[in-house]
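Structure at a glance
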Amino acid sequence: MSIWRRIFSPGRAAETVDALRAKIERLRALLDRNNLVLELIAQATESLGGDLLFDFQYLRRFAAQLEDAVQHVVIDLNEITDHRYLALGDAFERIRAGVSEVLERRPSAPLTPYVLPLDEVDRDLSEAVGEKMACLGEIRRRLTCQVPDGFVITARACMRVFEEIRLNDHLQEVSEAPNDETPLARRVEARLSRLVLEGRIPGDIARAIRKALSQVAQGGGMPDLFAVRSSAIGEEKDLSFAGLHETCLGVPAADVPAAYQRVLASLFRAPAIVYQTKREEPWQQALMAVGCIRMVPARSSGVVYTLDPNDPQRDVLLVSAAPGLGRLVVEGGGRIDRFVMSRTLPYRVLSREIPRKDQMYRVDPQGGVRASPVPADRRDLPAVSDDFLVHLAEVALKIERYMKSAQDIEWAQDERGELVILQTRPLPLQAETPGIDRQAMTATQRHRVLLAGRGTIACRGIGYGRAVVVQGGEKPDDLPKDFVLVTRLSSPHLAELVPYANAVIADVGASTGHLATITREFRVPALVDVEIATRVLAEGPEITVDAEENVVYEGRVEELLQYQARRQSPFEDSREFRVLRRMLKRIAPLNLKDPQARNFAPRNCQTYHDVIRFAHEKAVEHFLEGRPLGPAAKGSHWAAVDMAVPLDLVVIDIGGGLEAPPAHLRCTPEQITCLPLRALLEGLNAPGAWRTEPAAMDLGSFLSSAVSAPPLADANRGLPAGNLAIASDHYLNLNLHLGYHFNQIDAFVCEDRNDNYIRFRFVGGLTEMARRLRRTKMIAIILERQDFVTDLSSDFLVARLKKFDRETMLQRMRMLGLLIGFTRQMDVQMRGDAMIADGVDEFLQAFHNTQLPS
Amino acid sequence: MLRPIELCIVDDERIVCERLRSVFEKNGLLVETFTDSQAAKERLAQKRFDILITDLKMAHPDGIELLSFVRQQAPEIRVVIITGYATVETARQAMQRGAVDFIAKPFRLGQLRDLVLKIAQEIQEIPEQSSDAPPGT
């Protein structure tokens, strides 16, 4: 039995009105906190773009505010529903513990599986897989660079191995041995390296390694050989441990566990201990992840520096190359080819040294690598062709652009001639020459400013290319190599183009919107809400976008681009950004989308967003299910709305939403004093919006059929079914079940535009998925044309509009009223994709022609 | 040519120092940063800066103490307070002691940049008075 029926049982009227008010207060608090949580998440997500300066203290406060608000939402829901959802408290507690673990960065290794496939690795996992493997996984996933298959044995596995061999006991003994004359580093090496080498790999880790090996095994007669590489866990990216740890090449699958132990043992090599002691790093807590990457039988290999580390001012790339494996290049011995290349298209080779090369390294099919003579006909030739070098330069600069700093990249050319990336890491540059930053800004004075100080920075950085105003439907291959994506709308198909763009400029949108989020994901510098970019850049000039100072220059501002490459630490790599990204993974994604789905349950809440979504849905549902409008409710703060369109709408007034007191619990639309609701109903009631279409376009009649099903309450008891609006003078929370789909509007409209917002959610439908998707997409496009920022996932749409003036907001509410009616039947009609564009035009035309009050 | 503006940044969180350094160097200022407020105080005693940006909540000395110190040492220095603990009371206190502005974290980098560049411009418009320079500059 619903709370409403209990509250309004005969003889309890006075008491129940108070109880009801208390519940409404709870609901109102729940909705407020729900909005607060969404705002906090939006701000934190926006912070990832780098334009908001935040520190660790902010992260702590963010976590504390969220925790408090979400916890109260859980309490409010349970108060409203008489403790029906206590399990939501468990879900909250689980998520809270996860967030706090990330925030506190406990010294232990992150709780990951012992082995992670390279495909699941990115830089947010650097504490689990080490910086080196994290970067490799990142470029494989995000840049579609060719990177060999492989997996990483994580820091968690390392910790488990160390526990197994009781490393801590030995550590203590080694550190404390007072009368020992041998230097500490030597003692550590002698004792601990041996301990690791002679220890046993726990069975579960060995099994996980075997399983991973079998998954990357290629078969086909070729023996599977691996490179087993160290990937030490270091918080600071400049802690590169270059050359201090072991790398085993050409390891047969059966020998991988032993090689794993050798690499782990190298953590305690004397030079590594000295290095860490000097840097005041606690070597006693050091952990090591280890990458197992399939060996590439290489025709040639080498290293590319995207800048000259000794002279970063020069605009060049340095490439070294040798036939066969890259050992000679990496170790620096033997004769190899060297090329100096231009960093600008068409990436010319500026100079080359091609010595005679007698010796090369090859993979030994039996395992390991061996030296062999270079075939006579290759000795005096360059190890790679100029065409290959151009391609290498292009990929290397792409990686540099993505990483936002100069890179040191190991590469190979496989037997088919394809470029394969083996490793990338930040290239340490000679200390910056003072004044280099100023040169960048001085240089900008020579360039014409096309746009300045307009809109908002969504992702900081600098990008150059030809401006391309996209119309929709473009494919990445249609666009020039270096391009800046310029768009009027933040339309969903842009997601496909963003990873290829050097920068993004949008006329509309917010830094919290969908497009902005994608640009941050791919670290593409972006400006949004620029308003006039498509007009100013319509001719497609070459431009340089400085999304730090918020300026767009005509032409290529070389100094700005170099300034970016020479900078040593991109903000995305700082500890605070990593922690925030990891926190947001446990906070922001929405997994519970469909309230009708079986998984819509507290135990499936994985993030705070899931928790508040669940609570919001259930709290509103609770009010909807049992809304009684019997005689007992006389004099209370609500009324059913009488209007031409039989919407069966009930308004609960929480302060100034209705002209008080409504007679007989009914009111006319004119008696509604809630600004946003009134405007919405004006849209819904507008006459003749669809006169262009025959028969079904009679708004009243089709809405009539629309709202009558399904009944939400028991008709025998005389309780009218319908829809619920919670309203104050400026605020509206409306939940509309129309047929089988669901609209939800949460809006605040007042004189101060900074407080104004509309949030619109739309989900569900009667027909098969394809038609529903078309309809949802159509709604998304319409709303984008009306300045909304949309987030579309399957047939669940969230659209937001913020900070427009009162009249514009009310006009959008009227538009939403029309749209709700218009789209009610659309999924039945949406037989093909072409109907999307037709529907958009038809609606906007109708909206344009409709006489709405203003 | 205008003399470059000397900026001192003090915040116990390294990320704040690093990011602000990059913003202001790009805009042509000479920047020194300190995560240790005591070291900053010693440096401020030696060298004349034009602008000081300081966090409020730090281990001894905190931002207010630092502000009082530079007001005695070099009254012409312009001080901007940045803090995560923005309360009306602390803001009032800082402004009373001579801070020119007060910004709460998190803030947009452009907001602080515009503020500091405006101050820098004002400083450059004042004719230099060499007799004011403290020893050590």
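Just so it is clear, the model here is predicted, and its values are computed rather than measured.

Criteria and cut-off values
Residues numbered from 1 in each chain as written. Chains lettered and ligands numbered in written order. Predicted model: local features only at pLDDT ≥ 70, side-chain atom pairs only at ≥ 80, totals over all residues. Heavy atoms only, no water. Contact = heavy atoms within 4.5 Å. Salt bridge = Lys/Arg side-chain N within 4 Å of Asp/Glu carboxyl O. Polar contact = N/O pair within 3.5 Å; in protein donor to acceptor, adjacent residues only side chain to side chain. Helix = DSSP H or I, 4+ residues; strand = E, 2+ residues; numbered from the N terminus. Nonpolar A, V, L, I, M, F, W, Y, C, P; charged D, E, K, R; others polar. Pairing = 2+ DSSP bridges. Axes fitted to C-alpha atoms, helices over the stretch in contact; angles between N-to-C directions. Buried < 20%, exposed > 50% of the residue type's maximum accessible area, 1.4 Å probe, protein only. Arc of directions from axis to C-beta. Phe/Tyr/Trp six-rings, centres within 6.5 Å; stacked < 30°, edge-to-face > 60°. Lys NZ or Arg CZ within 6 Å of the ring centre and 35° of its normal. Right-handed = clockwise from strand over helix to strand, strands pointing away. pLDDT = per-residue confidence, 0-100. Core = buried A, V, L, I, M, F, W, Y, C linked by side-chain atoms within 4.5 Å. Domains from an automatic or database assignment.

1. Here's the deal with the interface of chain A and chain B
With 32 residues of chain A at the interface, the matching set in chain B holds 23 residues. On the surface where chain A and chain B come into contact, there are seven salt bridges. With its nearest N and O atoms 2.9 Å apart, the salt bridge here joins Lys26 of chain B to Glu548 of chain A. Inspection of the chain A/chain B interface yields 13 residue pairs in polar contact (both at pLDDT 80 or more). Looking at the side of chain A that touches chain B, the elements that each hand over two or more residues are helix H2 (13-47), strand S1 (52-53), helix H3 (56-80), helix H14 (436-444), strand S16 (456-459), helix H17 (558-566) and helix H18 (575-585) of chain A. Considering each element in turn, the side of chain A that touches chain B owes the most residues, four residues, to H3 of chain A. Partitioned by chemical class, the residues of the side of chain A that touches chain B number twelve nonpolar, seven polar and 13 charged. Inspection of the sheet shows S1 of chain A paired to strand S6 (residues 107-108) of chain B by two bridges, in the antiparallel sense. Bridging from a neighbouring strand, Leu53 of chain A pairs with Phe107 of chain B of S6 of chain B.

2. A word on the sheet that holds S16 of chain A
Residues and elements named next belong to chain A. A sheet is described by the order of its strands in space; here eight strands give the open sequence S15-S22-S21-S17-S18-S19-S20-S16, paired in mixed fashion. Strands with a single pairing partner mark the edges of an open sheet, and in this sheet they are strand S15 (449-452) and S16. Within the sheet, the average angular offset between the axes of one strand and its neighbour, ignoring direction, is 30 degrees. Across the sheet, helix H15 (residues 514-521) touches S16, strand S18 (483-487), strand S19 (503-506) and strand S20 (526-528), and the angle it forms with S16 is around 45 degrees.

3. Quick look at unusual backbone geometry
With the exception of glycine, the majority of residues adopt a negative phi angle, and the majority of peptide bonds are in the trans configuration. Of note, the bond from Leu345 of chain A into Pro346 of chain A is cis; its omega dihedral lies within 30 degrees of zero at 5 degrees. With respect to the helices and strands, the residue Pro346 of chain A is situated in the loop between strand S9 (337-342) and strand S10 (349-353). A cis geometry characterises the amide bond from Lys105 of chain B onward to Pro106 of chain B, with omega recorded as -5 degrees. Despite not being glycine, Lys404 of chain A has its phi angle at roughly 60 degrees, a positive value. Position of Lys404 of chain A relative to the elements: it lies in the loop between helix H13 (386-403) and strand S13 (407-414). Lys404 of chain A sits in the buried class, given a relative accessible area of 4%.

4. Quick word on the side chain of His609 of chain A
All names here are of chain A. One can find His609 in helix H19 (residues 608-625). Since its relative accessible area comes to 14%, His609 is described here as buried. With residues up to four places along the chain from it excluded, the contact list for His609 reads Leu38, Ile41, Ile587, Ala588, Pro589, Leu590 and Arg761.

5. Remarks on helix H7 (residues 167-176) of chain A
All names here are of chain A. All buried positions along H7 are accounted for by Leu167, Leu171 and Val174. Angularly, the buried residues of H7 cover 70 degrees about the axis, an arc narrow enough to put them on a single face. Among the exposed residues of H7, those oriented more than 90 degrees off its buried face are Asn168 and Glu176. On its buried face, H7 is in contact with helix H6 (155-164) and helix H8 (184-198).

6. Notes on the packing of aromatic side chains
Residue and element names in this part refer to chain A. Inspection of every chain in the model, using the stated rule, returns twelve aromatic pairs over all chains. Ring plane angle 10 degrees and centroid distance 6.1 Å describe the contact between Phe843 and Phe847, whose orientation is recorded as stacked. In this pair, Phe843 and Phe847 are both assigned in helix H25 (residues 834-849), four residues apart and thus about one turn of the helix distant. One exposure class covers both Phe843 and Phe847, and it is buried. Put simply, the rings of Phe54, Tyr58, Phe62, Phe571 and Phe577 touch in pairs and so form one group of aromatic residues. Positioned above the aromatic ring of Tyr402, the side-chain terminus of Arg523 is 5.3 Å from the ring centre. The ring centre of Tyr464 lies 4.6 Å from the NZ or CZ of Arg556, which sits over that ring.

7. Observations concerning the environment of Val552 of chain A
Residues and elements named next belong to chain A. Mapped onto the fold, Val552 is located in strand S22 (residues 551-554). Spatially, the C-alpha atom of Val552 lies 9.7 Å from that of Gly463, the residues being 89 residues apart in sequence. Contact partners of Val552, with chain neighbours within four places excluded, come to Arg448, Val449, Leu450, Leu451, Ile505, Leu527, Ile543, Thr544 and Val545.

8. Quick look at the pairing of strand S3 (residues 51-55) of chain B
All names here are of chain B. Most of S3 sits out of view: five of its five residues are buried. In S3, alternate side chains face the same way, and those of Ile51, Ile53 and Asp55 on one face and Leu52 and Thr54 on the other are all buried. Pairing of strand S1 (residues 6-10) with S3 involves four bridges; the strand directions are parallel. From the neighbouring strand, Cys8 faces S3, where its bridge partner is Leu52. In this structure, S3 lies alongside strand S4 (residues 78-83), joined through five bridges in parallel fashion. Considered in S4, the bridge of Thr54 is made with Ile81. Remark: the S3/helix H3 (residues 63-73)/S4 crossover connection has right-handed handedness.

9. Remarks on H15 of chain A
Among all positions in H15 of chain A, only Leu515, Ala516, Ile518, Thr519 and Arg520 of chain A are buried. Arg523 of chain A sits one or two residues past H15 of chain A and shows a positive phi near 55 degrees.

10. A closer look at the confidence of the model for chain A
Residue and element names in this part refer to chain A. Looking at chain A, the pLDDT average stands at 81 and 83% of residues meet or exceed 70. By mean pLDDT, the top-scoring element of chain A is strand S3 (residues 150-153) (96), and the lowest-scoring one is helix H1 (residues 3-7) (31). Taken together, the stretch residues 689-721 has pLDDT below 50 and engages in 53 contacts with residues farther than four places along the chain or on a different chain.

11. Structural notes on the sheet that holds strand S2 (residues 115-117) of chain A
Paired through their backbone hydrogen bonds, the strands of a sheet run either parallel or antiparallel. All names here are of chain A. Ordered by their spatial adjacency, five strands build an open sheet running S2-S3-S6-S4-S5, and the pairing between neighbours is antiparallel. One side of each edge strand has no neighbouring strand; the edge strands of this open sheet are S2 and strand S5 (247-252). When the angles between neighbouring strand axes are averaged without regard to direction, this sheet yields 25 degrees. Where S2 and S3 come together, three bridges link them in antiparallel fashion. Bridge pairing links Val115 to Ile153 in S3. Docked against the sheet, helix H9 (residues 203-216) engages S2, S3, strand S4 (225-232) and strand S6 (288-294), running at close to 165 degrees with respect to S3.

12. Comments concerning the pattern of salt bridges
All told, the structure shown has 64 salt bridges over all chains when counted by the stated rule. Where Lys357 of chain A meets Asp337 of chain A, a salt bridge forms, and the shortest distance between an N and an O atom there is 2.6 Å. Within this pair, whereas Lys357 of chain A is found in the loop between S10 and strand S11 (359-363), its partner Asp337 of chain A is found in strand S9, the two being separated by 20 residues in sequence. Like Lys357 of chain A, the residue Asp337 of chain A is buried in the burial classification. The residue Arg370 of chain A makes a salt bridge to Asp364 of chain A at a minimum N-O spacing of 3.6 Å. Residue Arg370 of chain A is classed as partly exposed on the basis of its relative accessible area, which comes to 38%. Each member of the salt-bridge network shares a partner with another, and the members are Asp546, Glu548 and Glu549 of chain A together with Lys26, Arg113 and Asp114 of chain B.

13. Regarding the nonpolar core
Met583 of chain A together with Leu20, Phe24, Ile53 and Leu112 of chain B are the most contacted members of the largest nonpolar core, which has 82 residues in total. Two domains each put at least three residues into this core: domain 1 (3-104 + 588-619) and domain 5 (643-827) of chain A. Counting 53 residues, the second-largest nonpolar core is a separate cluster that includes Ala679, Val749, Ala799 and Leu844 of chain A.

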